[in-house]
Amino acid sequence: MIEIDAAGVVEFTQALVRVPSTNDPARGRNEEPAAMLVAAKMRSWGWEPRVSEAAPGRPSVVAVVEGGLPGPTLMFEGHTDVVTEGDLGEWTVDPFGGEIRDGRLWGRGSADMKSGLAATLYATRALQLAGPFPGRVKVCALADEEGMMLGVHHFVDSGLAADVDGAIVAEPEAGEICAVAKGALRLRVDFTGKMAHGAMPQHGRNPIPAAGALIVALAAYQEELQKRFPAHPHLGEVYVTPTVARAGSEEQVNVIPAVASVFVDVRTLPGMSHADIAERVSGLAGFDGISAEVSVLVDRPAVEVPVDDPVVAAVAEAHRAVTGEEPVYGGVPGSTDGTVLTHWGGVPSVVYGPGGKWIAHQADEYVEVAEIVRCTRVFAEAARRFLTRDAS
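A brief look at the structure comes next. Values in this document were obtained by computation on a predicted structure and should not be read as measured data. Every chain is numbered on its own, with residues counted from 1 as its sequence reads. Two thresholds apply to this predicted model, a pLDDT of at least 70 for residue-level local features and 80 or more for giving and counting side-chain atom pairs, whereas whole-chain, interface and lining totals are computed over all residues. Remark: hydrogens and water are excluded; side-chain values derive from all non-hydrogen atoms of the structure.

Numbering of helices and strands starts at the N terminus; helices are DSSP runs of H or I of at least 4 residues and strands are runs of E of at least 2. The helix and strand tally for the chain stands at nine helices and 18 strands. We take the radius of gyration over the C-alpha atoms and set the globule estimate at 2.2 Å times the residue count to the 0.38 power. A globule of 392 residues ought to have a C-alpha radius of gyration of about 21 Å, and the chain, at 23 Å, matches this closely. With the C-alpha coordinates aligned to their principal axes, the bounding extent of the chain is approximately 80 × 45 × 40 Å. Residue exposure (1.4 Å probe, protein chains only): buried if accessible area is under 20% of the type maximum, exposed if over 50%, otherwise partly exposed. For the chain, the residues scored as buried account for 54% of the 392 residues in total. Long-range contacts, defined here as pairs at least 24 residues apart, represent 81% of the contacts in the chain between residues at least 6 apart. Each accessible area is a Shrake-Rupley result for a 1.4 Å probe, and residues are judged covered by the shown protein chains and nothing else. Carbon together with sulfur atoms contributes 52% to the accessible area of the chain, which is approximately 16400 Å² in total. When the 32 positive and 52 negative side-chain charges of the chain are each reduced to one mean point, those points stand 1 Å apart. Any two residues having at least one pair of non-hydrogen atoms within 4.5 Å are treated as being in contact. Just so you know, the count uses Lys and Arg for positive and Asp and Glu for negative, and it drops His and the chain ends. Think of each charge as sitting on NZ of Lys, CZ of Arg, CG of Asp or CD of Glu.

So, in structure tokens, the structure goes:
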């Protein structure tokens, strides 16, 4: 088994958590300080990280570690941004303290996903120190996973995924090996009527009943889709959820608004057509005398990688070797950077990393310290097995 620096990976996770890398321009925050911390750690090992901006002030960091022998390319992927800490009154620890207590490392991003990112760096370093190996490892700390996934789209659009044979995405999955992920289709439906005085509604066209009719129709449409597409064993049901509805102003309750909007979050299963869903929602939005326009805000199809794909198999074998337990397969309830890598980059990806699946984005977020160390060992062993699979 490859030796790892257990103390080092935990300390580096703490250092990352102590950087408040939320994308919060109002408070002067973004992931740049965390990206620079990653780049500095890479340079301390003699790596030559490439830093490039996915958007102004939002850098991604990529380093290629050559094994010295011909072979495939493995990608380790993590992101440096975290969601806001939210209401501080709900926290019992400093969200950016990186405190270790009761065997847990606490703080925003501890699970999602600074521990996973640290584990990818230290696993690759351990593999490098263990001696020559076939191929290379591309270690990537990308920007903006929690938003529009600008970092991974920039990575793919720049051609950096073209030579990658498999990717391990270090999101928190509580020990599950996730080769499938739900799709995300987010729609905005804008209704346009005619403004009028509330005392004389006959002179206007109120878009609010149209918005309400759509919300009711979406519930029936979800039921229809769930009958057509049975629940996936790892992903569960398809969901069609209206998440935002807005119209008018509370300051002018006596005014019939000219416009109303409904935002819809659709979570899809493999084999579902996002174009067909958008078209159907457009049809459901029709209402007499009210025009409706549907805009696609996010389009991330579901992805499914076979469990016998080399990168998935390598993680499963490594998990078994390190933990002594049989691997458990699961699914990602949301989308990750792996969704973009697989669908748009053509890269087989698997999601596996330290931290609980449901602790992400919550107050008092934490990760078990032992799990950070264990996942680092699994990553190092998975990399070795993936890169040497064709070696004679």
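Moving on: the side chain of aspartate 190. The topology assignment puts aspartate 190 in strand 9 (residues 183-192). A 3.5 Å cut-off defines polar contacts: any pair of N or O atoms within that distance qualifies, except that in protein one atom must be a possible hydrogen donor and the other a possible acceptor, and neighbouring residues in sequence count only when both atoms are side-chain atoms. Within the local environment of aspartate 190, its side chain forms a polar contact with the side chain of serine 261, the two groups lying 2.5 Å apart. When residues no more than four places from it in sequence are discounted, the contact partners of aspartate 190 are Ala260, Ser261, Ser291, Ala292 and Glu293.

Note on terminology: pairs of cysteine sulfur atoms within 2.5 Å are recorded as disulfides. By the definition in use, this model includes zero disulfides. Take cysteine 140: it sits in no disulfide, and the sulfur closest to it among the cysteines is that of cysteine 375, at 18 Å. Left unpaired, cysteine 178 is separated from the closest cysteine sulfur, that of cysteine 375, by 12 Å.

Let's shift gears to the packing of aromatic side chains. What characterises a pair of aromatic rings is the spacing of the ring centres plus the angle enclosed by the ring planes. Geometry of aromatic contacts follows a simple scheme: Phe, Tyr and Trp rings, the Trp one being its six-membered ring, pair when their centres are within 6.5 Å, and the pair is stacked under 30 degrees between planes, edge-to-face over 60, tilted otherwise. If you walk through the whole model with that rule in mind, you get six aromatic pairs. One aromatic cluster is present, built from ring pairs that chain together Phe12, Trp45, Trp47 and Tyr122. By the criterion adopted, a ring carries a charge over it if an Arg CZ or a Lys NZ lies within 6 Å of its centre and within 35 degrees of its normal. Looking at arginine 101, its charged tip hangs above the ring of tryptophan 106, at a distance of 5.1 Å from the centre. Above the ring of phenylalanine 386, the side-chain terminus of arginine 389 is found at 4.3 Å from the ring centroid.

Our next topic: helix 3 (residues 110-129). The span you would expect from a helix comes to 1.5 Å times its residue count less one. With 20 residues, helix 3 ought to run about 28 Å at 1.5 Å a step, and its terminal C-alpha atoms sit 26 Å apart, in line with that. Burial runs high along helix 3: 18 of the 20 residues are buried.

Bringing the side chain of serine 349 into the picture now. By secondary structure assignment, the location of serine 349 is in strand 17 (residues 349-351). Accessibility expressed as a relative area gives 5% for serine 349, which makes it buried. Every residue in contact with serine 349, bar those within four places of it in the chain, is listed here: Ala167, Ala179, Val305, Val311, Gly338 and Thr342.

Let's shift gears to the environment of phenylalanine 379. Of note, phenylalanine 379 is situated in helix 9 (residues 369-387). For phenylalanine 379, a relative accessible area of 0% corresponds to the buried category. Measuring from C-alpha to C-alpha, the distance between phenylalanine 379 and isoleucine 2 comes to 10 Å, with 377 residues separating the pair along the chain. Those residues within four positions of phenylalanine 379 in sequence are excluded, and the remaining contacts are Phe76, Gly116, Ala119, Thr120, Ala123, Ile168, Ala170, Tyr352 and Gly353.

Moving on, we get to the sheet that holds strand 4 (residues 100-101). For two strands to count as paired, DSSP must find a minimum of two bridges between them. Strand order in the open sheet made by the three strands is 4-5-18, with antiparallel pairing throughout. Every other strand in the sheet has two partners, leaving strand 4 and strand 18 (366-368) as the edge strands with one partner each. Most of the contacts of helix 1 (residues 6-17) go to strand 5 (residues 104-106), to which it runs at about 20°, and overall it touches strand 4 and strand 5. Interaxial angles span 0 to 180 degrees and are taken between N-to-C directions of axes, which are lines fitted to C-alpha atoms, for helices over the stretch in contact.

Strands sit in the order 11-13-9-14 across an open sheet of four strands; the sheet is antiparallel. With partners counted over all chains shown, the strands left at the sheet margins are strand 11 (239-247) and strand 14 (291-300), one partner each. Geometrically, the sheet is characterised by an average inter-axis angle of 15° between neighbouring strands, direction not taken into account. Sheet topology note: the strand 9/strand 14 ladder contains nine bridges and is antiparallel. Bridging across to strand 14, aspartate 190 finds its partner in glutamate 293. Sitting on the sheet, helix 5 (residues 208-228) is in contact with strand 9, strand 11 and strand 13 (259-268), with an inclination near 175° to strand 11. The sheet contacts of helix 6 (residues 274-284) involve strand 9, strand 13 and strand 14, and relative to strand 9 the element is tilted by about 25°.

Turning next to the nonpolar core. Working definition of a nonpolar core: buried Ala, Val, Leu, Ile, Met, Phe, Trp, Tyr and Cys residues. They are joined through side-chain atoms within 4.5 Å. Within the largest apolar cluster, 57 residues are counted, with the highest numbers of intra-cluster contacts made by Val38, Met42, Leu74, Leu121, Ile168 and Phe379. Here the element with the most residues in this core is helix 9; it accounts for 11 residues. Other than its neighbours up to four places away in sequence, leucine 121 contacts Phe12, Val38, Lys41, Met42, Trp45, Trp47 and Val139. Counting 25 residues, the second largest nonpolar core, distinct from the first, contains Val189, Ala210, Val238 and Ile290.

Attention now moves to unusual backbone geometry. Omega for the bond connecting aspartate 112 with methionine 113 falls within 30 degrees of zero, at -10°, which places this linkage in the cis form. Counting through the fold element by element, methionine 113 comes out in helix 3. Its identity is not glycine, yet aspartate 102 carries a phi of approximately 55°, on the positive side. Positioned with a positive phi, aspartate 364 is a non-glycine residue whose angle comes to about 55°. Looking at the secondary structure, you find aspartate 364 in the loop between strand 17 and strand 18.

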